[in-house]
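# Observations on chain architecture
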Amino acid sequence: MQGTFLGEAGPLLAAEGVERAEEEEGAGLHAYLTAYAAGARNVAVTSAEPQQVLQRLQGALEDRLALLGPPGRAAAPLYVELEELPHHYLRVDFELQLVEHVPWVSDPRRYALRLPVADVLPVLDGIVAWDDLLSSLRQRLGAPPLR
């Protein structure tokens, strides 16, 4: 919870938040949380150009791919798409260690990831970790069927 931390002396919780939500039958809390989340996500997006975000994302994926190294076995490619730029894909080829911009999906066996710009920007700016982005469940994931 925002404004809560563990004290140095042990597991002592101290609330430091100053904002309070009215909890009248849950409606006030729900409205507060919805407005808070929408405000936080929309601040960065207003000035973001999706094409520039896609280019930054390509660079970030190339950096991550270099850290991973080649896979031990043949892996299906990953196609990444921004919601605001339909049919503009980044194809991540794990075997060739390559991230390329492609206009269509050409691999029948593939992984797919579709993300909103509002969620990608904090990752590219170093504010949010990749793991946090993927665990937020604000994206669409696809995978080849298991055999």
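Just above, that's the structure.
Residues numbered from 1 in each chain as written. Predicted model: local features only at pLDDT ≥ 70, side-chain atom pairs only at ≥ 80, totals over all residues. Heavy atoms only, no water.

The subject of this paragraph is the nonpolar core. The biggest cluster of nonpolar side chains holds 21 residues, and the ones touching the most others in it are Val53, Leu57, Leu61, Val80, Leu82, Leu90 and Val120. Listing elements by their share of this core, those giving two or more residues are α2 (50-68), β3 (78-82), β4 (89-93), β6 (111-115) and α3 (117-124). Top contributing element to this core by residue count: α2, with six residues. (Core = buried A, V, L, I, M, F, W, Y, C linked by side-chain atoms within 4.5 Å. Buried < 20%, exposed > 50% of the residue type's maximum accessible area, 1.4 Å probe, protein only. Helix = DSSP H or I, 4+ residues; strand = E, 2+ residues; numbered from the N terminus.)

All right, on to the pairing of β4 then. Most of β4 sits out of view: five of its five residues are buried. Relative to β4, β3 runs antiparallel, the two sharing four bridges. Directly across from leucine 78, in β4, lies its bridge partner valine 92. The antiparallel hairpin formed by β3 and β4 contains six residues in its connecting segment, where histidine 87 sits at a positive phi of about 65°. Of the strand pairs in this sheet, β4 and strand β5 (residues 98-102) are connected by five bridges, and their pairing is antiparallel. If you follow arginine 91 over to β5, its bridge partner there is glutamate 100. As consecutive antiparallel partners, β4 and β5 are separated by four residues, and within that stretch glutamine 97 has a phi angle of approximately 55°, a positive value. (Pairing = 2+ DSSP bridges.)

Right, let's talk about the packing of aromatic side chains for a bit. Evaluation of the coordinates by the stated rule reveals one aromatic pair. Centroid distance tyrosine 79 to tyrosine 89: 6.2 Å. Interplanar angle 85°. Geometry classified as edge-to-face. Remark: tyrosine 89 occurs in strand β4 and tyrosine 79 occurs in strand β3; sequence separation between them is ten residues. With a relative accessible area of 13%, tyrosine 89 lands in the buried category. (Phe/Tyr/Trp six-rings, centres within 6.5 Å; stacked < 30°, edge-to-face > 60°.)

Here valine 120 shows up in helix α3. Sequence separation of valine 120 and leucine 54 is 66 residues, and the distance between their C-alpha atoms is 9.3 Å. Those residues in contact with valine 120, other than ones at most four positions away along the chain, are Val53, Leu57, Leu82 and Leu115. (Contact = heavy atoms within 4.5 Å.)

Quick look at the side chain of aspartate 107 now. Here aspartate 107 is to be found in the loop between β5 and β6. When its relative accessible area of 17% is taken as the criterion, aspartate 107 is described as buried. Among the polar contacts made by the side chain of aspartate 107, one reaches the side chain of tyrosine 79 at a distance of 2.4 Å. A distance of 2.8 Å separates the side chain of aspartate 107 from the side chain of arginine 91, its partner in a polar contact. (Polar contact = N/O pair within 3.5 Å; in protein donor to acceptor, adjacent residues only side chain to side chain.)

Looking at the secondary structure, you find valine 99 in strand β5. Along the backbone, valine 99 and proline 77 are 22 residues apart, and their C-alpha atoms lie at a distance of 9.7 Å.

This paragraph deals with the packing of α2 against α3. One way to put it is that α2 packs onto α3 with a least axis distance of 10 Å and a crossing angle of 45°. Judged on the interaxial angle alone, α3 and α2 are oblique. The handedness of the crossing between α2 and α3 is left-handed. Each of Pro50, Val53, Arg56, Leu57 and Ala60 in α2 lies in contact with α3, whose residues at this interface are Val117, Val120, Leu121 and Leu124. (Axes fitted to C-alpha atoms, helices over the stretch in contact; angles between N-to-C directions. Parallel < 35°, antiparallel > 145°, perpendicular 65-115°, else oblique. Left-handed = near helix turned anticlockwise from the far one by under 90°.)

Where burial is concerned, most of β3 is hidden: five out of the five residues are buried. The alternating pattern of β3 places Leu78, Val80 and Leu82 on one face and Tyr79 and Glu81 on the opposite face, and all of these are buried. The sheet contact formed by β3 and β6 spans five bridges and is parallel. Following the sheet pairing, valine 80 is matched in β6 by leucine 113.

Read these as layout, nothing more, since geometry by itself doesn't imply function.
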